[in-house]
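Now for the letters of each chain:
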Amino acid sequence: MAEPFFQWAGENGLTIDNLKVRKTIKLLLVQFTGTAAYNLNSKLVTYKLNCKDLILNGKITLDPAQRSVQYRKRFSLPYVGNRLGNIVASGKWSFSEVTQCWEPSLRVGFEFRSGPRAEAVALNSLRLKPRLYLGPLGVEARTQLTVQLPSKLLMDVVAGRGGGAEGVRDEGDTFGINLEVQQLDLVLRL
């Protein structure tokens with residue numbers, strides 16, 4: 001049986017996962033943002049500190065819970081500027097419990113500019129981070145939108161007709177869109 005064209009999935013339905021408090025302070029040419037989050041499911045408090053230089057517009061993130069430090073920089077596209085989006089490059093250093101040393105990782109992606117914040121994470125997948133604020137109180141979500149394509153697309157070449165092609169798909173193999181809500185947060189900006 002074929003799956004529906006559009007699916008909605010969430011780990012906890014549409015319940016709030018975290019309560020967050022965020023404070024931003026600008027000091028000379030540096031902007032500091034501290035975030036404390038209380039997870040309603042695990043009852044744990046985590047915190048993060050971001051530092052953004054206002055000259056190069058790069059961002060350094062210290063995440064003690066994941067034992068990692070990350071540098072992230074956005075670059076405008078040549079001839080287009082940042083109207084369509086930005087190329088995003090990041091370097092992350094995480095402490096591995098297995099090897100007992102710091103392990104680097106590099107990532108390059110594309111972040112769309114229009115609409116909610118979106119980043120292409122695969123050829124058929126976008127990571128969306130929509131935000132809705134009314135004054136200092138707001139809701140932030142982390143979602144992933146995936147387009148499902150048929151895994152088997154057979155090309156049937158008919159002899160004698162100049163190489164015409166016809167697409168055939170397997171039963172149960174469908175086109176579709178899946179929107180997964182991975183996290184939903186209630187945020188208070190101080």
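For clarity, every value in this text was computed on a predicted model and none was experimentally measured.

A. Layout of the packing of aromatic side chains. What the rule picks out here adds up to one aromatic pair. Positioned above the aromatic ring of phenylalanine 75, the side-chain terminus of lysine 73 is 5.4 Å from the ring centre. The ring of tyrosine 133 carries the charged tip of arginine 189 above its face, separated from the ring centre by 3.7 Å.

B. Representation of the pairing of strand E6 (residues 68-77) in the model. Judged from the five bridges that link them, strand E5 (residues 59-63) and E6 form a sheet pairing that is antiparallel. For lysine 59, the partnering residue across the bridge sits in E6 and is arginine 72.

C. Focus on the confidence of the model for the protein. Chain-level statistics for the protein give a pLDDT mean of 76 and a share of 72% at 70 or above. For the stretch residues 153-170, pLDDT sits under 50, and the model shows 18 contacts to residues farther than four places along the chain or on other chains.

D. Structural detail: unusual backbone geometry. In this model, leucine 28 sits at a positive phi of 55°, which is unusual for a non-glycine residue. Within the secondary structure layout, leucine 28 lies in the loop between strand E2 (18-27) and strand E3 (30-39). Located in the positive-phi region is lysine 43, a residue other than glycine, with phi close to 65°. One can find lysine 43 in the loop between E3 and strand E4 (45-53).

E. Looking closely at the pattern of salt bridges. Scanning all chains against the criterion turns up four salt bridges. Of the charged contacts in the structure, one is a salt bridge between arginine 67 and glutamate 97, with a shortest N-O distance of 2.4 Å. Note that arginine 67 is positioned in the loop between E5 and E6 and glutamate 97 in the loop between strand E7 (81-96) and strand E8 (101-112), a separation of 30 residues in sequence. By relative accessible area, arginine 67 is classed as partly exposed at 39%. For glutamate 97, a relative accessible area of 49% translates into the label partly exposed. Close ionic contact of arginine 131 with glutamate 140 constitutes a salt bridge, the shortest N to O distance being 3.7 Å. Take arginine 131: its relative accessible area is 46%, and that puts it in the partly exposed class. What makes glutamate 140 buried here is its relative accessible area of 9%. What you see here is one network of salt bridges that share partners, running through Arg22, Arg131 and Glu140.

Rules used in this analysis
- Residues numbered from 1 in each chain as written.
- Predicted model: local features only at pLDDT ≥ 70, side-chain atom pairs only at ≥ 80, totals over all residues.
- Heavy atoms only, no water.
- Phe/Tyr/Trp six-rings, centres within 6.5 Å; stacked < 30°, edge-to-face > 60°.
- Lys NZ or Arg CZ within 6 Å of the ring centre and 35° of its normal.
- Pairing = 2+ DSSP bridges.
- Helix = DSSP H or I, 4+ residues; strand = E, 2+ residues; numbered from the N terminus.
- pLDDT = per-residue confidence, 0-100.
- Contact = heavy atoms within 4.5 Å.
- Salt bridge = Lys/Arg side-chain N within 4 Å of Asp/Glu carboxyl O.
- Buried < 20%, exposed > 50% of the residue type's maximum accessible area, 1.4 Å probe, protein only.

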